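# Observations on the model geometry
So you can see what is in the structure, the chains are spelled out below.
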Amino acid sequence: MNIFKCPFCGKQPETHYYNEEEGHDEFWITGCPDCDLFSGITAASKEISQNDWNALISRFPSIMRVRINDKVEVRESSTLYHYFRVTEIDINAGIFMGTCLKTDELEQFKFEEIVTWPWELE
Ligand SMILES: [Zn+2]
């Protein structure tokens, strides 16, 4: 399963299991300790905890989740699609720069031109 990266710092989240205290329920939690962003706790399973995390991160705007060095697929024209490696991001302007993985050319795009996001490619 592809576990989504933290939208704030871009790190891979961690999943932890707790059953330390006597008489307390055992539970799983997934999140980013650096940013203090976590899924709700679940007693079900590790995988369900990670699914909960993915559901949480899915609610963040896609534009917030793209990072430098991510790979995206961009629609350059109605018939032309290319993969780009993101090199610069300007969220306020809604644009980014990327290097074409085929031609190595640097180009500028709007976020609306992305057809496949990094987490859909991994
Ligand atoms: Zn983080």
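Residues numbered from 1 in each chain as written. Predicted model: local features only at pLDDT ≥ 70, side-chain atom pairs only at ≥ 80, totals over all residues.

### A few points about the nonpolar core
Most often, soluble globular proteins keep nonpolar side chains buried together rather than apart. Judged by nonpolar contacts, Val66, Val72, Val74, Phe84 and Ile114 together constitute the single largest core of five residues. Ignoring sequence-local partners within four residues, the contact set of Val74 consists of His82, Phe84, Phe109, Glu113, Ile114 and Val115. (Core = buried A, V, L, I, M, F, W, Y, C linked by C-beta atoms within 7 Å. Buried ≥ 20, exposed ≤ 12 C-beta atoms within 10 Å, placed from the backbone. Contact = placed C-beta atoms within 7 Å.)

### Quick word on the domain arrangement of the protein chain
Its domain assignment divides the protein chain into domain 1 (14–60) and domain 2 (63–121). Here the C-alpha centre of domain 2 lies 31 Å away from the C-alpha centre of domain 1. (Domains from an automatic or database assignment.)

### Concerning the sheet that holds strand β1 (residues 14–18)
Spatially, β1-β2-β3 is the arrangement adopted by the three strands of the open sheet, whose pairing is antiparallel. The sheet is open, and its two edges are formed by β1 and β3 (37–38), each paired on a single side. As judged from the five bridges shared by β1 and strand β2 (residues 27–32), these two strands associate in the antiparallel manner. Pairing of Tyr17 across the sheet is with Trp28, part of β2. Helix α1 (residues 46–57) contacts β1 and β2 of the sheet and is inclined by roughly 35° relative to β2. (Pairing = 2+ DSSP bridges. Helix = DSSP H or I, 4+ residues; strand = E, 2+ residues; numbered from the N terminus. Axes fitted to C-alpha atoms, helices over the stretch in contact; angles between N-to-C directions.)

### A few points about α1
Its twelve residues give α1 an end-to-end C-alpha distance of 17 Å, which sits within 8% of 16 Å, the value for a rise of 1.5 Å per residue. For α1, the complete set of buried residues consists of Ser49, Gln50, Asp52, Trp53 and Ile57. For α1, the angular spread of the buried residues around the axis is 155°, confining them to a single face. Summarising the contacts, the buried residues of α1 are in contact with β1 and β2. (Expected span 1.5 Å × (residues − 1). Arc of directions from axis to C-beta.)

### Details of the sheet that holds strand β7 (residues 106–110)
Strand order across the open sheet formed by five strands is β7-β6-β5-β4-β8, with antiparallel pairing between neighbours. Each edge of the sheet is formed by a strand with only one pairing partner; in this case those strands are β7 and β8 (114–116). On average, adjacent strands in this sheet sit at an angle of 55° to one another, irrespective of strand direction. Alignment of strand β4 (residues 71–75) against β8, held across two bridges, turns out to be antiparallel. Along β8, the bridge assignment pairs Glu73 with Thr116.

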